[in-house]
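Below, each chain spelled out in residue letters.
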Amino acid sequence: MSRHYESIKVRAEDGVVFVQMHRPPANNAIDDRLIAELGDALSACEAQATVVVLEGLPEVFCSGADFDEIRGRFERGTIQGQDPEPLYELWRRLACGPFVSVAHVRGRANAGGIGFVAACDLVLAEDAASFSLSELLFGLMPACVLPFLIRRTGIARANYLTLTTQPVSARQALDWGLVDACEADSANLLRKHLLRLRRLGKDGVARYKRYAVELDDSLAAAKPKALAANREVFGDADNVAKIARFVRSGKFPWEAD
């Protein structure tokens, strides 16, 4: 794991690989480079790691799509957005890969950030963390997030998060099944879980994950519809114009110029 990355930080320790999304100026927004670098890191983890811990920044885990990147494409006259398939596949690898994936969530997880959370096998959060889906405010929808979120929370809770666009607390997310455990000191919570997870053998984990995928193939089944819905909303010129205006002025779609 000696590769040089620009958007993530990676370190390995006793069979555990810690992967930190690290784009502070962009609030850990998701761009093509972040997706590519995370994919490269996961490729190494598939061969080497028994446990993969995915982390963000202290104040923000991941804020979702990079609106500044979308604005730049719009102002250059390009409506076509980011290809959603690499990100969906990245989440699918977290969910189905031959390792235990652990999301360690501090701060805010929003929109596509919820995809990272919901894809992981275990989700550990600090009490101050929050979870939200803001897409409908801009005429979008969490198309690729929903198959992963529904696996964790069920359709009713996923529907609530999508329609209200309001953040929920870590404790509420715990009650809903999006989070598995939370406490004020999430670093200590992670440490306690790793004490046990480090004892697992990679072969056993890989065998179990293969079996789990055979029992539930919903992610593969949902993929074509999720990609199509994502391309539809991000290919809508009106939606993209709303995003570009928000980046320029800070005004939401319902606010007057």
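Small disclaimer: the values here were computed from a predicted structure and weren't measured.

Trainee: I would appreciate a short explanation of the overall build of the protein in the present structure.
Mentor: A count of helices and strands for the protein gives 11 helices and 12 strands. Here the C-alpha radius of gyration of the protein, 18 Å, is about what a compact globule of 257 residues would show, namely 18 Å. Based on the C-alpha atoms only, the size of the protein along its principal axes is roughly 60 × 35 × 35 Å. Counting all 257 residues of the protein, 50% fall into the buried class.

Trainee: I would appreciate a short explanation of the packing of helix α5 (residues 146-153) against helix α6 (residues 155-164) in the present structure.
Mentor: Packed helices, taken two at a time, are described by the angle between their axes plus the distance between the axes. At their nearest, the axes of α5 and α6 sit 7 Å apart, and the two run at 125 degrees to each other. By the angle between their axes, α5 is oblique relative to α6. Here Leu146, Leu149, Ile150 and Thr153 of α5 lie close against α6, whose contacting residues are Ile155, Arg157, Ala158, Leu161 and Thr162. Considering only residue class, the contact of α5 with α6 consists of six nonpolar, two polar and one charged.

Trainee: Before we go on, may I ask you to explain the state of the cysteines in this structure?
Mentor: Each disulfide consists of a covalent bond between the sulfur atoms of two cysteine residues. Going through the model one piece at a time under the given rule, you end up with zero disulfides. We note that cysteine 144 lacks a disulfide partner, and the nearest cysteine sulfur, in cysteine 62, lies 14 Å from it.

Trainee: Help me understand the environment of glutamate 59, please; the structure alone is not making it clear to me.
Mentor: Looking at the secondary structure, you find glutamate 59 in the loop between β4 (51-55) and β5 (60-62). Separated by 48 residues in the primary sequence, glutamate 59 and glycine 107 place their C-alpha atoms 4.2 Å from one another.

Trainee: Can you help me understand the pattern of salt bridges in this one?
Mentor: Where charged atoms from two side chains of opposite charge approach closely, those side chains can pair. Inspection of the entire model under this criterion finds 20 salt bridges. Three or more residues are tied together by salt bridges with common partners; here these are Asp68, Arg71, Glu75 and Arg248.

Trainee: So what exactly am I meant to see when it comes to the environment of serine 169 here?
Mentor: One can find serine 169 in strand β11 (residues 168-169). Along the chain, serine 169 and alanine 181 lie 12 residues apart, while their C-alpha atoms are 12 Å from each other. When sequence neighbours within four positions are dropped, the list of residues in contact with serine 169 reads Ala129 and Phe131.

Trainee: I would appreciate a short explanation of the sheet that holds strand β8 (residues 108-110) in the present structure.
Mentor: The strands making up a sheet associate through hydrogen bonds between their backbones, and the pairing can be parallel or antiparallel. Spatial strand order, β5-β8-β10-β11: four strands in an open sheet with mixed pairing. Lying at the two open borders of the sheet, with one neighbouring strand each, are β5 and β11. As paired strands, β5 and β8 are joined by two bridges and run parallel to one another. Its bridge partner lying in β8, valine 60 is registered against arginine 108.

Trainee: What exactly am I supposed to notice about a nonpolar patch on the surface here?
Mentor: A contiguous nonpolar surface patch, about 260 Å² in accessible area, is contributed by Leu136, Met141 and Leu163. Relative to the assigned elements, leucine 136 resides in the loop between β10 (130-132) and α5. Residue class for leucine 136 comes out partly exposed when judged on its relative accessible area of 39%.

Trainee: What is the right way to read the side chain of threonine 153 from this model?
Mentor: Within the secondary structure, threonine 153 is located in helix α5. By relative accessible area, threonine 153 is classed as buried at 12%. Discounting chain neighbours no more than four positions away, the residues touching threonine 153 are Ala158, Trp176 and Leu178.

Trainee: So what exactly am I meant to see when it comes to helix α2 (residues 67-75) here?
Mentor: Three- or four-residue spacings in an α-helix give side chains the same orientation, since the helix completes a turn every 3.6 residues. The set of residues buried in α2 consists of Phe67, Ile70, Gly72 and Arg73. The distance from a side-chain oxygen at the start of α2 to the backbone nitrogen of aspartate 68 is 3.1 Å, and the residue carrying that oxygen is aspartate 66. Note on α2: the residue one or two positions beyond its end, glycine 77, has a positive phi of about 90 degrees.

Trainee: What's the story with the nonpolar core in this structure? I'm lost.
Mentor: Across soluble globular proteins, nonpolar side chains show a tendency to be buried alongside one another. If you look at the biggest cluster of nonpolar residues, it comprises 55 residues, and the most contacted ones within it are Leu38, Phe61, Trp91, Val105, Phe116, Phe131 and Leu149. With 13 residues, the next largest nonpolar core counts Val51, Val53, Val100 and Leu124 among its residues.

About the thresholds
- Residues numbered from 1 in each chain as written.
- Predicted model: local features only at pLDDT ≥ 70, side-chain atom pairs only at ≥ 80, totals over all residues.
- Heavy atoms only, no water.
- Helix = DSSP H or I, 4+ residues; strand = E, 2+ residues; numbered from the N terminus.
- Rg over C-alpha atoms; globule rule 2.2 N^0.38 Å.
- Buried < 20%, exposed > 50% of the residue type's maximum accessible area, 1.4 Å probe, protein only.
- Axes fitted to C-alpha atoms, helices over the stretch in contact; angles between N-to-C directions.
- Parallel < 35°, antiparallel > 145°, perpendicular 65-115°, else oblique.
- Contact = heavy atoms within 4.5 Å.
- Nonpolar A, V, L, I, M, F, W, Y, C, P; charged D, E, K, R; others polar.
- Disulfide = S-S within 2.5 Å.
- Salt bridge = Lys/Arg side-chain N within 4 Å of Asp/Glu carboxyl O.
- Pairing = 2+ DSSP bridges.
- Patch = residues over 30% accessible without salt bridge, like charges linked within 9 Å, V, L, I, M, F, W, Y side chains within 5 Å.
- Areas by Shrake-Rupley, 256 points an atom, 1.4 Å probe, with all protein chains shown as cover.
- Polar contact = N/O pair within 3.5 Å; in protein donor to acceptor, adjacent residues only side chain to side chain.
- Core = buried A, V, L, I, M, F, W, Y, C linked by side-chain atoms within 4.5 Å.

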